[in-house]
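Secondary and tertiary structure notes
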Amino acid sequence: MSAVLLSLFYLAVVLLPLALSAFSGLPPRPFRDEFASGAGMLAFAIILVEFVLSGRFRSVSAKIGMDVTMRFHQLLARTALVLAMFHPFLYGSEFNLPYPFDPTRQLTLTRDIASLSSGVLAFVLLPAFVILSIGRDSLPYKYETWRLMHGLGAVAISGALLHHTVSAGRYGQLPALETLWTVLAGLAGVSLIYVYLLKPMMLARAPWRVSRVQKAGERTWEIDLEPDGHPGLRYKAGQFAWLNIANSAFSLRENPFSISSAPGAGKTLSFLIKELGDFTSTIGQVAPETRAYVDGPHGSLVVTGRKEPGIAFIAGGVGLAPLLGILRQMRLERDGRPTLLIYGNRKAEQIVHPQELEALATELGTEIVLVLSEPPEGWSGRTGMIDAALVESIFREPEMRDWLFVMCGPGEMMETVEDALIAKGVPTRQILSERFRYD
Ligand SMILES: Cc1cc2nc3c(=O)[nH]c(=O)nc-3n(C[C@H](O)[C@H](O)[C@H](O)COP(=O)(O)OP(=O)(O)OC[C@H]3O[C@@H](n4cnc5c(N)ncnc54)[C@H](O)[C@@H]3O)c2cc1C
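What counts, and where the lines are drawn
The numbering scheme is per chain: residues are counted from 1 as the chain's sequence reads. Restriction of local features to residues with pLDDT of at least 70 applies here, the model being predicted, together with a cutoff of 80 or more for giving and counting side-chain atom pairs; totals for whole chains, interfaces and linings are based on all residues. In computing side-chain properties, one takes all heavy atoms of the structure into account and sets aside hydrogens as well as water. Each helix is a run of H or I in the DSSP string that is no shorter than four residues. Each strand is a run of E no shorter than two, and both are numbered from the N terminus. The rule is simple: take the accessible area with a 1.4 Å probe, protein chains only, and divide by the maximum for that residue type; under 20% is buried, over 50% is exposed, in between is partly exposed. Charged-residue counts in this description rest on Lys and Arg as positive and Asp and Glu as negative, His and the chain ends being excluded. What counts as a salt bridge is simple: a side-chain nitrogen of Lys or Arg found within 4 Å of a carboxyl oxygen of Asp or Glu. Contact criterion: two residues are considered in contact whenever any of their non-hydrogen atoms come within 4.5 Å of each other. Criterion used throughout: strands pair if DSSP finds at least two bridges between them. Assignment of crossover handedness uses the view with strands pointing away from the viewer, where a clockwise path from the first strand over the helix to the second indicates a right-handed crossover. Residue proximity to a molecule or strand is established when one non-hydrogen atom of the residue lies within 4 Å of it. Counting of polar contacts relies on pairs of N or O atoms within 3.5 Å, with two restrictions inside protein: one atom must be capable of donating a hydrogen and the other of accepting it, and residues adjacent in sequence are counted only when both atoms are side-chain atoms. Areas reported as accessible are Shrake-Rupley estimates using a 1.4 Å probe. Residue values count occlusion only from the protein chains shown. Note that domain bounds follow an automatic or database assignment of domains. Between the first and last residue of a helix there are one fewer steps than residues, each counted as 1.5 Å, and that sum is the expected span. In plain words, nonpolar cores are sets of buried Ala, Val, Leu, Ile, Met, Phe, Trp, Tyr and Cys residues tied together by side-chain atoms within 4.5 Å. For this analysis, a ring pair means two rings from Phe, Tyr or Trp (six-membered ring only for Trp) whose centres lie within 6.5 Å, classed as stacked if their planes differ by under 30 degrees, edge-to-face if by over 60, and tilted for the remaining angles. We call a charge positioned over a ring when the NZ of a Lys or the CZ of an Arg lies within 6 Å of the ring centre and within 35 degrees of the ring normal. Fitted lines through C-alpha atoms serve as axes, helices being fitted only where they are in contact, and the angles separating the N-to-C directions of these axes extend from 0 to 180 degrees. Oblique is the label for every angle not falling under 35 degrees (roughly parallel), over 145 degrees (roughly antiparallel), or within 65 to 115 degrees (roughly perpendicular). A crossing counts as left-handed when the near helix is turned anticlockwise from the far one by less than a right angle, and as right-handed when that turn is clockwise.

**Here we look at the side chain of Glu50**
Within the secondary structure, Glu50 sits in helix α2 (residues 31-53). One buried charge, Glu50, has no salt-bridge partner; the nearest side chain with opposite charge is Arg78, at 7.9 Å. Discounting residues that sit within four places of it in the chain, Glu50 has contacts with Phe72, His73, Leu76 and Ala77.

**Structural notes on the pairing of strand β10 (residues 339-345)**
Counting buried positions over the seven residues of β10 gives seven, a clear majority of the element. Here β10 shows two buried faces, one formed by Thr339, Leu341, Tyr343 and Asn345 and the other by Leu340, Ile342 and Gly344. Inspection of the sheet shows strand β9 (residues 311-316) paired to β10 by six bridges, in the parallel sense. Note that in β10 the partner of Phe313 across the bridge is Leu341. Chirality of the crossover, the property in question, places the unit of β9, helix α8 (residues 320-332) and β10 among those that are right-handed. Relative to strand β11 (residues 367-372), β10 runs parallel, the two being bridged by six bridges. Considered in β11, the bridge of Leu341 is made with Ile368.

**A word on the pairing of strand β5 (residues 240-245)**
Burial analysis of β5 places six of its six residues in the buried class, which makes it a mostly covered element. Taking every second residue as pointing to the same face, both faces of β5 are buried, with Phe240, Trp242 and Asn244 on one and Ala241, Leu243 and Ile245 on the other. Note: β5 against strand β6 (residues 255-258), four bridges, orientation antiparallel. What sits directly across from Leu243, in β6, is Asn255. Pairing between β5 and strand β8 (residues 291-298): five bridges, direction antiparallel. The partner of Leu243 across the bridge, within β8, is Val294.

**Points about the site of the ligand**
Glu254, Pro256, Leu272, Lys274 and Thr280 are the nearest of the 24 residues found near the ligand. Contact distances for the ligand include 3.0 Å between an oxygen atom and a side-chain N or O atom of Arg136. Asn255 is positioned such that a nitrogen or oxygen atom in its side chain is 2.8 Å from an oxygen atom of the ligand. When the ligand sits alone it has 880 Å² of accessible area, and the protein chains cover 91% of it. It is β6 that contributes the most residues to the shell around the ligand, four residues altogether. Three or more residues apiece are contributed to the shell around the ligand by two domains, here domain 1 (2-203) and domain 2 (208-298).

**Describing helix α4 (residues 66-90)**
Each full turn of the α-helix corresponds to 3.6 residues, which orients residues three or four apart in the same direction. Compared with an ideal rise of 1.5 Å per residue, which puts 25 residues at 36 Å, α4 spans 36 Å between its outermost C-alpha atoms and is within 8% of the ideal. All buried positions along α4 are accounted for by Met66, Asp67, Thr69, Met70, His73, Leu76, Ala80, Leu81, Ala84, Met85 and His87.

**Digging into the nonpolar core**
Within the largest apolar cluster, 34 residues are counted, with the highest numbers of intra-cluster contacts made by Tyr10, Val14, Ile46, Leu48, Leu126, Leu161 and Trp181. Of all the secondary-structure elements, those providing two or more residues to this core are α1 (2-22), α2, α3 (58-64), α4, α5 (113-134), α6 (143-168) and α7 (175-204). The element contributing the most residues to this core is α2, with eleven residues. Sequence-distant contacts of Tyr10, defined by excluding residues within four places in its chain, comprise Ile46, Val49 and Leu76.

**Examining the packing of aromatic side chains**
Overall, the coordinates contain eight aromatic pairs when judged by the stated rule. With a centroid separation of 5.0 Å and an interplanar angle of 20 degrees, the aromatic rings of Phe57 and Tyr194 are classed as stacked. One end of the pair, Phe57, is in the loop between α2 and α3; the other, Tyr194, is in helix α7, and 137 residues separate them in sequence. Aromatic pair Phe257 and Phe279: ring centres 6.1 Å apart, planes at 45 degrees, arrangement tilted. Here Phe257, found in strand β6, pairs with Phe279, found in the loop between β7 (269-274) and β8; they are 22 residues apart in sequence, far enough to count as distant. A relative accessible area of 12% means that Phe257 is categorised as buried. Directly above the aromatic system of Trp242 lies the positively charged group of Arg56, at a separation of 3.7 Å from the ring centroid. Its end group placed over the ring of Trp146, Arg136 keeps NZ or CZ at 5.1 Å from the ring centre.

**A few points about the environment of Leu370**
Turning to its location among the elements, Leu370 is positioned in strand β11. We classify Leu370 as partly exposed; its relative accessible area is 24%. Counting along the chain gives 19 residues from Leu370 to Ile351, while the straight-line C-alpha distance between them is 8.5 Å. Apart from the residues lying within four places of it in its own chain, the contact partners of Leu370 are Tyr343, Ile351, Leu357, Trp379, Gly381 and Arg382.

**Section: unusual backbone geometry**
A cis amide bond links Gly296 to the next residue, Pro297, at an omega of 0 degrees. Its location among the elements puts Pro297 in strand β8. Unlike most non-glycine residues, Arg56 shows phi in positive territory, near 55 degrees. With respect to the secondary-structure elements, Arg56 resides in the loop between α2 and α3.

**Describing the environment of Pro256**
Inspection of the secondary structure assignment puts Pro256 in strand β6. Remark: the alpha-carbon pair of Pro256 and Tyr10, spanning 246 residues in sequence, is separated by 26 Å. In this view, Pro256 contacts Phe240, Ala241 and Trp242; residues no more than four positions away in its chain are not counted.

**As for the packing of α1 against α7**
The geometry of α1 relative to α7 is characterised by a closest axis approach of 10 Å and an angle of 170 degrees between their N-to-C directions. On the basis of their axis angle, the class for α1 and α7 is roughly antiparallel. With respect to the hand of their crossing, α1 and α7 are arranged in left-handed fashion. Between α1 and α7, the contacting residues are Val13, Leu16, Pro17, Leu20 and Ser21 on the first element and Ala176, Leu177, Leu180, Trp181 and Leu184 on the second.

Given below as structure tokens:
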């Protein structure tokens, strides 16, 4: 329900400039001109709200999930791009000085060079910006460099659009609309200040220190953090946090990781981290006592309050991390519901904490199905990939109907399994998933 309210609120905000323009009392222009202005205003409103969507506000992401929030962010950016690109070509009236008999500019469009040139600047920057975001992986920059360029680019485009909208737009010059655009741009600015200044200031006052770094599997580490002079983090099993190790709290060098510890186990926070790129491949060398900052908790991969009679966990590789946090918490709470974990890897050496998985099987009663795509000789577990056939061979009709399915792993695995479960009649509200990539 709150997701629906959030969507309605979003629509109300981005449509507000159109509504104020429609009820401004100005005499209507030809439909083409009104449509063109509407497209431009809608694009700008969407762009300004993008600052809030990407600002990691828990009031947004806790309701719909961080990956859904980021997907919306990407989808809406593309929508704004299309609207903005078409907007100048939709006008039918001529660019001219206002006629003396037409003070409300029904018949002409402004030809003021300053206000048009800020629009042209945004028109050129916006597609470049979106294309560079879509093709981020192919750019020769670190993620943090890209993120900085992304933020600066968004500010430049929004600044140009604000100038263009209030100076060239027929409606933008009305006091009510000018105030609204200033307020929306101000909110976008406040989001930036919150993300890059206020939040780091808060994080700096609640530092953590690394207490242990332990090898958990091939190229996978578990790192433990202790709160340094504060009560720690209140989180739910399965959530994640942005982790910043050995940098200033204001650094852009922070990465999202699922929390693999159980909140009921104490103040220690644990993260299972797989070596992948420049930061994660150094994780095994982090020394105890290193200072860290934790921005969280985020995410909605939580089973707290769920009443399903059983829970199936489906993990691929390091996707085990949030599921392990949930299983650890269930063990602490002596949750009596049946649980089943399907855990896939390429090789046996990649299986994380094999002894603890055995302990979960005996103490929590979790049925553990290990799957290897490159099994060693004599392997007695399942082989191949976690796919539709495997899922169908494990779950029976009552589980498919009643259980909760919680999954995390490579995108391809999640899509295949999700499709298979839905095809077998599992209601989508009984499927929870977390993606480790936002694109
Ligand atoms: C919600 C979530 C939970 C995650 N949980 C885990 C986990 O428990 N264990 C684990 O090993 N991995 C997890 N990841 C993936 C992890 O964040 C990346 O592997 C890590 O950030 C890579 O950083 P790098 O510097 O080593 O590699 P890079 O080469 O710098 O980055 C590789 C890719 O990781 C992603 N990435 C890097 N930095 C960020 C960032 N600041 N914000 C968002 N994405 C970023 C980008 O897609 C990038 O292309 C999770 C990701 C997300 C989104």
